[in-house]
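Overview (structure and organization)
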Amino acid sequence: MSAGRLLVPVANPETANRLLDTAVDLAADRNLEIHVLSVVTVPMQLSLSQARSSLETGDREELVDDAVERARGYGVDASGRIRFARSVASGICGVATDVDAEEVLLGWRGRSRRRDVVLGSHIDAVLADAPCDVLVERIDRDRAPVSSVLVPVAGGPHTTFAASVAGSLARTYDARVELLTVVPDRTEAAVADARGLLTRTSPALDAVSSVEETVLEGPVVETIVDRSERHEITVVGAAEAGLFRRVLVGDIAEAVGREADGTVLMVKRHEPVSSALRRRARDRVGSLFRHEKR
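Notes on the structure follow.

The rules behind each value
Residues numbered from 1 in each chain as written. Predicted model: local features only at pLDDT ≥ 70, side-chain atom pairs only at ≥ 80, totals over all residues. Heavy atoms only, no water. Helix = DSSP H or I, 4+ residues; strand = E, 2+ residues; numbered from the N terminus. Buried < 20%, exposed > 50% of the residue type's maximum accessible area, 1.4 Å probe, protein only. Contact = heavy atoms within 4.5 Å. Areas by Shrake-Rupley, 256 points an atom, 1.4 Å probe, with all protein chains shown as cover. Right-handed = clockwise from strand over helix to strand, strands pointing away. Pairing = 2+ DSSP bridges. Axes fitted to C-alpha atoms, helices over the stretch in contact; angles between N-to-C directions. Left-handed = near helix turned anticlockwise from the far one by under 90°. Nonpolar A, V, L, I, M, F, W, Y, C, P; charged D, E, K, R; others polar. Polar contact = N/O pair within 3.5 Å; in protein donor to acceptor, adjacent residues only side chain to side chain. Salt bridge = Lys/Arg side-chain N within 4 Å of Asp/Glu carboxyl O.

What to know about the overall build of the chain
- Counting its regular elements, the chain contains 10 helices and 10 strands.
- Scored against the burial criterion, the 294 residues of the chain give a buried share of 48%.
- In the chain, 80% of the contacts between residues at least 6 apart in sequence involve partners at least 24 apart.
- Here the chain displays about 15,000 Å² of accessible surface, and carbon together with sulfur accounts for 47% of that area.

Looking at the pairing of strand 7 (residues 176-183)
- Counting buried positions along strand 7 gives 7 out of 8 residues, so the element sits mostly inside the fold.
- After leaving strand 6 (residues 148-152), the chain enters helix 6 (residues 157-173) and then returns to the sheet as strand 7, a path that is right-handed.
- Across 7 bridges, the pairing between strand 7 and strand 8 (residues 211-217) is parallel. Pairing of Glu178 across the sheet is with Glu212, part of strand 8.
- Where the polypeptide runs from strand 7 across helix 7 (residues 188-201) and back to strand 8, its parallel neighbour, the crossover connection is right-handed.

Observations concerning the packing of helix 4 (residues 88-98) against helix 5 (residues 121-129)
- Look at helix 4 against helix 5: their axes get within 8 Å of each other, and the N-to-C directions meet at 35°. The crossing of helix 4 and helix 5 is right-handed. Residues Val88, Ala89, Ile92 and Cys93 of helix 4 pack against His122, Ala125, Val126 and Asp129 of helix 5.
- In terms of residue class, the contact of helix 4 with helix 5 is built from 6 nonpolar, 1 polar and 1 charged.

Topic: the environment of Val36
- Relative to the elements of secondary structure, Val36 occurs in strand 2 (residues 32-41).
- Taking the C-alpha atoms as reference points, Val36 and Ala23, 13 residues apart in sequence, are found 9.9 Å from one another.
- For Val36, the contacting residues outside a window of four places in its chain are Val8, Val10, Val64, Ala67, Val68, Ser79, Gly80 and Arg81.

Section: the side chain of Thr181
- With respect to the helices and strands, the residue Thr181 is situated in strand 7.
- At a separation of 3.1 Å, a polar atom in the side chain of Thr181 contacts the main-chain carbonyl oxygen of Val153.
- In contact with Thr181, other than residues within four places in its own chain, are Val153, Ala194, Leu197, Leu198, Thr214, Val215 and Leu216.

Describing the pattern of salt bridges
- What the rule picks out here adds up to 10 salt bridges.
- Close ionic contact of Glu103 with Arg30 constitutes a salt bridge, the shortest N to O distance being 2.2 Å. You can see Glu103 sitting in strand 4 (residues 103-108) and its partner Arg30 sitting in helix 1 (residues 13-30), a full 73 residues away along the chain. Note on accessibility: Glu103 and Arg30 belong to one class, buried.
- For Arg176, the salt bridge is made with Glu212, and the minimal N-O distance between the two is 3.2 Å. Of this pair, Arg176 sits in strand 7 while Glu212 sits in strand 8, placing them 36 residues apart in sequence.
- A residue is classified by how much of its surface remains accessible, and Arg176, at 28% relative accessible area, is partly exposed.

Focus: the pairing of strand 5 (residues 133-138)
- Most of strand 5 is tucked away: 6 of the 6 residues are buried.
- Side-chain alternation along strand 5 places Asp133, Leu135 and Glu137 on one buried face and Val134, Val136 and Arg138 on a second face that is also buried.
- Sheet topology places strand 5 next to strand 10 (residues 263-268); 4 bridges connect them, and they run antiparallel. Bridged to Glu137 within strand 10 is Leu265.

Okay, here's the thing in structure tokens:
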């Protein structure tokens with residue numbers, strides 16, 4: 001029996017197969033069921049019930065059915081559905097809640113950043129609001145045969161999640177993994193701290209036959225991008241966020257996602273914040289604000 005569900009939204013036949021390949025790799029290793037989704041956006045002047053009876057969905061149904069059949073052909077449990085929603089992101093997040101998805105895997109074309117949009121309006125909204133972990137795969141070139149996976153290490157739950165994802169991919173392809181952390185200078189203390197961070201991260205890979213731990217000196221993004229030339233896949237975790245600063249993936253992960261060689265997966269661990277914690281933080285900020293006004 002499957003332990004959970006991996007939600008895979010698809011919209012374009014040209015990218016669906018590539019995204020499904022990654023989904024199958026992850027689902028097979030993690031004992032997940034793939035749930036393929038296609039969202040039909042409904043204009044405000046049309047009710048959702050009217051949309052279900054009046055909008056043509058034949059192409060989308062074919063896309064979903066083909067993806068489900070392909071996943072099953074690899075021996076992975078798979079199901080699929082069409083969702084009518086006011087926006088792509090609300091449809092994805094709604095289905096993620098409905099099926100109790102553990103992860104959502106999104107495809108990204110790697111287009112240039114627009115003002116006030118990081119990866120794309122739909123992807124940004126899912127990263128911000130999804131009730132589960134989110135993986136974003138850059139799909140702008142064919143994937144080469146996988147022999148090695150790079151994981152930049154910065155610490156925190158997103159880095160641990162990145163290492164876990166990399167471990168799944170490495171086991172699928174019997175590939176090696178390089179854990180990399182970058183320091184501004186190679187002082188004895190900095191290198192010792194960096195090696196400790198790599199050692200603490202390594203168990204998240206689980207059973208991987210070959211693991212290399214590397215500490216390099218230099219500018220972070222440029223060093224990671226240069227190192228990515230040695231690997232077919234780079235898995236980078238999102239940046240850490242403060243309680244009132246909602247970070248989608250962070251500047252470093254975004255830059256690596258755009259510039260690194262090969263396939264790039266940006267991953268973000270879901271970190272729910274309790275309502276009680278929100279209230280305490282809000283009260284604390286209010287108290288500080290009142291104090292400053294005195």
